[in-house]
Structure formats: C-alpha cells, structure tokens
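For reference, the chains in residue letters:
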Amino acid sequence: MLRFIVKRHEMHFESGLDRTDYCTLDIAAPELETILKSGGQGPGGFESWSLVGVEVMPSKGEEGK
C-alpha cells in the first residue's frame with residue numbers, strides 16, 4: 001500500500017484568501033511499491049529509488065475530454 005500526499009492551494013485575490021490544504025490517498029500499486037522498495041547498499045556504493053512526480057493520464061474513453 002502506498003500513501004500519496006496531495007497538496008491543494010487556493011487563492012482568492014479580492015478577499016485575500018490564501019490557503020493550503022493536504023489530503024492523503026492510500027492506493028494499492030504493487031508494481032510501484034516493488035520499485036520503491038528496491039535498491040540497496042554494499043561496500044562500494046548504493047542504489048536508491050524515489051518517486052519524482054505523478055502524471056494524470058486519461059482513461060480509455062476519456063481521450064477527447
């Protein structure tokens with residue numbers, strides 16, 4: 001299970017509102033979890049993996065929306 005943290009920033013210029021909220025989503029993504037758990041270290045170096053970002057891709061049938 002992976003927990004994604006999503007940030008929401010809302011600003012309204014006329015009222016001066018400037019608010020940031022966060023929410024979390026627990027999502028089962030076994031392939032991504034396996035990659036993020038891989039890597040390791042030895043006497044001569046290391047390997048580490050980290051998630052850089054997420055891209056929203058349209059689902060089938062939503063390509064034109």
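Residues numbered from 1 in each chain as written. Predicted model: local features only at pLDDT ≥ 70, side-chain atom pairs only at ≥ 80, totals over all residues. Heavy atoms only, no water.

## Here we look at the overall build of the protein
Here is step 1: Along the protein, the regular secondary structure elements total 1 helix and 4 strands.
Here is step 2: In sequence order, the secondary structure elements of the protein are arranged as β-β-α-β-β.
Here is step 3: Relative to the globule expectation of 11 Å for 65 residues, the C-alpha radius of gyration of the protein, 18 Å, shows a markedly less compact shape.
Here is step 4: Along the longest, intermediate and shortest principal axes, the C-alpha atoms of the protein span 60 × 35 × 20 Å.
Here is step 5: Looking at the protein as a whole, 5% of its 65 residues are labelled buried.
Here is step 6: Counting contacts in the protein only where the partners sit at least 6 residues apart, residues at least 24 apart contribute 25% of the total.
Here is step 7: Within the structure as shown, the protein displays about 6,200 Å² of accessible surface, and the carbon and sulfur contribution to it stands at 56%.
Here is step 8: When the 7 basic and 11 acidic side-chain charges of the protein are each reduced to a single mean position, those positions are 3 Å apart. (Helix = DSSP H or I, 4+ residues; strand = E, 2+ residues; numbered from the N terminus. Rg over C-alpha atoms; globule rule 2.2 N^0.38 Å. Buried < 20%, exposed > 50% of the residue type's maximum accessible area, 1.4 Å probe, protein only. Contact = heavy atoms within 4.5 Å. Areas by Shrake-Rupley, 256 points an atom, 1.4 Å probe, with all protein chains shown as cover. Lys, Arg positive; Asp, Glu negative; His and termini not counted. Charge placed at Lys NZ, Arg CZ, Asp CG, Glu CD.)

## Here's the deal with the environment of His12
Here is step 1: In this structure, His12 sits in strand S1 (residues 2-12).
Here is step 2: Its relative accessible area of 41% is what places His12 among the partly exposed residues.
Here is step 3: Side chain to side chain, His12 and Ser15 meet in a polar contact 3.3 Å long. (Polar contact = N/O pair within 3.5 Å; in protein donor to acceptor, adjacent residues only side chain to side chain.)

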